[in-house]
Amino acid sequence: MIHNFVKISAVVICAIGLSACGQKTPGAYGKLGDVIGAKPGDVSDPTSLAYFQQTIGDRVLFTVNESTLGQDAIDVLDGQANWLIQNTQYVVTVEGHADEQGTREYNLALGARRASAVQNYLVSRGIADNRVNTLTYGKERPIEICSTEVCWSQNRRAVTVVNTNLGS
Amino acid sequence: MIKYCMTYLCAALAIMTLMFSEVTAQTKPLRIEITQGVVEPMPFAAPVFVAENTAARKYAQELTAVLAADLVGTGLFREIPNAAHISKVTNFNAPVQFADWKAINAQALITGAVSVSGNKLIVKFRLFDVFAQTALGDGLQFVATTNSMRRMSHKVADAVYSRLTGETGYFDSRVVYIAEEGPKNNRQKRLALMDYDGANVRYLTDASSIVLSPRFSPNAREIIYTSYETGSPRVFLMNVDTLKRRILGDQPAMAFAPRFSPDGTKVVMSLSERGNADIFMVEVATGQKKRLTSSPAIDTAPSFSPDGSKIVFESDRSGGQQIYVMSVKGGSAKRISSGSGRYGTPVWSPRGDMIAFTKLNKGRFHIGVMRTDGSREKLLTASFLDEGPTWSPNGRVLMFFRETAGANGAPSIYSVDITGRNLRKVKTPTFGSDPAWSKLLK
């Protein structure tokens, strides 16, 4: 019971503050680790969301106006697919984004196309169709805000968001 | 009422033109040709309208100022300030002292009177050609509730504009847009409504969901827009008065880029299924849906021709974004854009003669216009990011939004004449994007 509680708590904490999960703060997690002999939710736990996000990588990047997956992207997505095969309790939403150098509606369509490219690849690697949803944000949710290629290249992305609402 | 006067006016102008050419050969008729762009604005005087009773005093000043601002804002007219006036108009029916207005070179003179009766505001005005010493059209009277004062100013300005240019006006109109606030990586967006000049801003949604690209129904009572209210982009229909809203029809996939048909019974939009955006037509009343395109490319940003027979849209079926025209029934589409760069967001002019668009070329964005066959392309603006033109009710002016570059970059709404002149920022309380202009209000 305690074990379950700890596990769920860790997931909830992850959902609330991903960056907090990413930082190794011994004070916060040391005690949980002592109880269950591992560090659930920590990046070193291969079943954790932090591991998915940071070690495997939760996002792939695209070139201008393109939705084709380069080798870097495929390497990341292979890792995502393997993780999803191991962690069958999760479904994901792939969120497609564009940089600001495009018109709003085209970028919505482009984001959808990028999300779909990732979805298709994950499905081709054996993930059930109904475990991978897609969503587009077009140019509505940039993470980098400068107006040069340094930022634009980070914004042309598809992020695989693990849905934690289902619990275990 | 305005329509009647305009008919009358054409005759009046015709007579006037004749008179000028015979009597004063070197004076041009009092008419501005707005198609060529106006380098020298026509000087006019608009002395503060006469308050005919005490209650009207508080309206007279602002009412006159708003109509003068409308005219000056076109770039076609220049106001001669009240301080320079020799004559003071204290009686609406007293004979005009043309010599006094001629002395300060006021070519057009607008006189008016305002009175209040209960909650009704009564506005009368006359327009004169000072040099010809004659009235231009009949006097007009508008009656409305006192809280419609700005609309009455706009109606007077529309009548004056119409008499002096031969075109219908565009001042008594509204714009629906997206009000934006907050930093670039956490932008809050609200659906907002304003008068064409930025006055009377009203927010229609809160900032809890992303809202995008709103457009008016033909009678401006309803707005169609994209919202993330359900978690993913869906096209909503909202009543402006009740703010009641609903998802339009069955939208199994992501939906965006909606626009009404000219009769308001249909909406065209993009539905993206498995990463492929195609164009669909949806019946407003029944939600019945019909596919219009089926290419594997991105097909989006559809806009009806004003006669309802054709649809212009953008597609990257040939590689980059380009503009295409197809029948309202769908089927084959003809590409009309042919210059270098990419073309998006086509919008058919209410006059039917032109298509406005956004052009992306060599890292710059432009607003431009072209004939409906793609010929005579003309770029009107250039900046880091200009996007999303919308036509004034008379098809002579475009509004669009301009976003500045960098970490503090933000959008503002601008207007520009289709001649490329008179670029102006529309003042809004917050950042603004995605403007859509209504037709003239009834």
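1. Let's talk about the overall build of chain B
Helix and strand content of chain B: four helices and 31 strands. For 442 residues, the compact-globule estimate of 2.2 N^0.38 gives 22 Å, and the C-alpha radius of gyration of chain B, at 23 Å, lies within 12% of that figure. Each principal axis of the C-alpha atoms in chain B carries an extent, and together these give about 75 × 50 × 45 Å. Evaluated residue by residue, chain B yields a buried proportion of 58% over its 442 residues. Within chain B, contacts between residues at least 6 apart in sequence are counted, and of these 46% link residues at least 24 apart. Of the accessible surface of chain B, which amounts to about 17900 Å², a share of 50% is contributed by carbon and sulfur atoms. Distance between charge centroids for chain B: 1 Å, based on 54 positive and 38 negative side chains.

2. Some words on the overall build of chain A
For chain A, the count of helices and strands is seven helices and four strands. Reading chain A from its N end, one meets helices and strands in the order α-α-α-α-β-α-β-α-β-α-β. Looking at the 168 residues of chain A, the share that counts as buried comes to 50%. Put simply, 71% of the contacts in chain A that link residues at least 6 apart link residues at least 24 apart. Surface accessibility of chain A: about 7900 Å² in total, with carbon and sulfur atoms responsible for 56%.

3. Quick word on the interface of chain A and chain B
Taken residue by residue, the interface counts 30 residues in chain A and 43 residues in chain B. For the interface between chain A and chain B, the tally reads seven salt bridges. Here A:E100 makes a salt bridge to B:K184, at a shortest N to O gap of 3.0 Å. Counting every contact that joins chain A to chain B gives 19 residue pairs in polar contact (both at pLDDT 80 or more). Of all the secondary structure elements, the ones that give two or more residues to the side of chain A that touches chain B are α6 (104-124) and β3 (132-138) of chain A. No other element matches the 11 residues that α6(A) contributes to the side of chain A that touches chain B. Considering only residue class, the side of chain A that touches chain B consists of 12 nonpolar, 10 polar and eight charged.

4. Comments concerning the state of the cysteines
All names here are of chain A. The full count for this structure, using the stated rule, is one disulfide over all chains. Paired through a disulfide, C146 and C151 show a sulfur-sulfur distance of 1.9 Å. One disulfide, between C146 and C151, carries an S-S torsion of 120° and so falls in the right-handed class.

5. Observations regarding the pairing of strand β31 (residues 431-437) of chain B
Residues and elements named next belong to chain B. For β31, a buried count of six out of seven residues is recorded, marking the element as mostly surrounded by other parts of the structure. Pairing analysis gives five bridges linking strand β8 (residues 174-181) to β31, with the strands arranged antiparallel. Looking at the pairing, A179 lines up with G432 of β31.

6. Concerning the sheet that holds strand β30 (residues 424-426) of chain B
Residues and elements named next belong to chain B. The antiparallel open sheet is built from four strands, whose spatial order is β27-β28-β29-β30. Strands with a single pairing partner mark the edges of an open sheet, and in this sheet they are β27 (386-391) and β30. Taking the axes of each pair of neighbouring strands and ignoring which way they run, one obtains an average angle of 35° across the sheet. One ladder, built from four bridges, connects β27 with strand β28 (residues 397-403); its direction is antiparallel. Each bridged residue has a counterpart across the sheet, and for W391 the counterpart in β28 is L398.

7. Brief notes about the environment of B:K189
By the secondary structure assignment, B:K189 is in strand β9 (residues 188-195). Take B:K189: its relative accessible area is 6%, and that puts it in the buried class. When the C-alpha atoms of B:K189 and B:S295 are compared, they prove to be 32 Å apart, with 106 residues separating the residues in sequence. Filtering out sequence-adjacent residues up to four positions away, B:K189 remains in contact with A:R104, A:E140, B:I178, B:A179, B:E180, B:D206, B:A207, B:S209, B:I210, B:V211 and B:L212. Here B:E180 takes part through its side chain, which lies 3.4 Å from a polar atom of the side chain of B:K189.

8. What about α6(A)?
Residue and element names in this part refer to chain A. Taking 1.5 Å per residue as the helical rise, α6 with its 21 residues ought to reach 30 Å, and the 30 Å between its terminal C-alpha atoms agrees with that figure. Within α6, 18 of the 21 residues are buried, leaving the element largely enclosed by the surrounding structure. Immediately downstream of α6, the backbone of G126 shows phi near 105°, a positive value.

9. Some details on the domain arrangement of chain B
All names here are of chain B. Domain parsing of chain B yields domain 1 (2-165) and domain 2 (174-437). Centre-to-centre, using C-alpha coordinates, domain 1 lies 35 Å away from domain 2. Domain 1 puts 15 residues into the contact, and the matching count from domain 2 is 13 residues. Across the domain 1 to domain 2 interface the summed buried area is about 960 Å²; carbon plus sulfur atoms make up 45%.

10. With respect to the pattern of salt bridges
Applying the stated criterion across every chain yields a total of 30 salt bridges over all chains. The residue A:E105 makes a salt bridge to B:R215 at a minimum N-O spacing of 3.3 Å. Remark: B:R215 occurs in strand β11 (residues 211-216) and A:E105 occurs in helix α6; the pair is interchain, linking two chains. Residue class for A:E105 comes out buried when judged on its relative accessible area of 6%. Across the salt bridge formed by B:R396 and B:E167, the nearest N and O atoms sit 3.0 Å from each other. With B:R396 in the loop between β27 and β28 and B:E167 in the loop between α4 (149-165) and β8, this residue pair connects regions lying 229 residues apart in the sequence. Residue B:R396 shares its accessibility class with B:E167, and that shared class is buried.

11. Points about the environment of B:M42
Relative to the helices and strands, B:M42 is located in strand β1 (residues 42-45). The sequence separation of B:M42 and B:L30 amounts to 12 residues, and the corresponding C-alpha distance is 8.6 Å.

Scoring rules and cut-offs
Residues numbered from 1 in each chain as written. Chains lettered and ligands numbered in written order. Predicted model: local features only at pLDDT ≥ 70, side-chain atom pairs only at ≥ 80, totals over all residues. Heavy atoms only, no water. Helix = DSSP H or I, 4+ residues; strand = E, 2+ residues; numbered from the N terminus. Rg over C-alpha atoms; globule rule 2.2 N^0.38 Å. Buried < 20%, exposed > 50% of the residue type's maximum accessible area, 1.4 Å probe, protein only. Contact = heavy atoms within 4.5 Å. Areas by Shrake-Rupley, 256 points an atom, 1.4 Å probe, with all protein chains shown as cover. Lys, Arg positive; Asp, Glu negative; His and termini not counted. Charge placed at Lys NZ, Arg CZ, Asp CG, Glu CD. Salt bridge = Lys/Arg side-chain N within 4 Å of Asp/Glu carboxyl O. Polar contact = N/O pair within 3.5 Å; in protein donor to acceptor, adjacent residues only side chain to side chain. Nonpolar A, V, L, I, M, F, W, Y, C, P; charged D, E, K, R; others polar. Disulfide = S-S within 2.5 Å. Pairing = 2+ DSSP bridges. Axes fitted to C-alpha atoms, helices over the stretch in contact; angles between N-to-C directions. Expected span 1.5 Å × (residues − 1). Domains from an automatic or database assignment. Buried area = accessible area lost by both parts, 1.4 Å probe.

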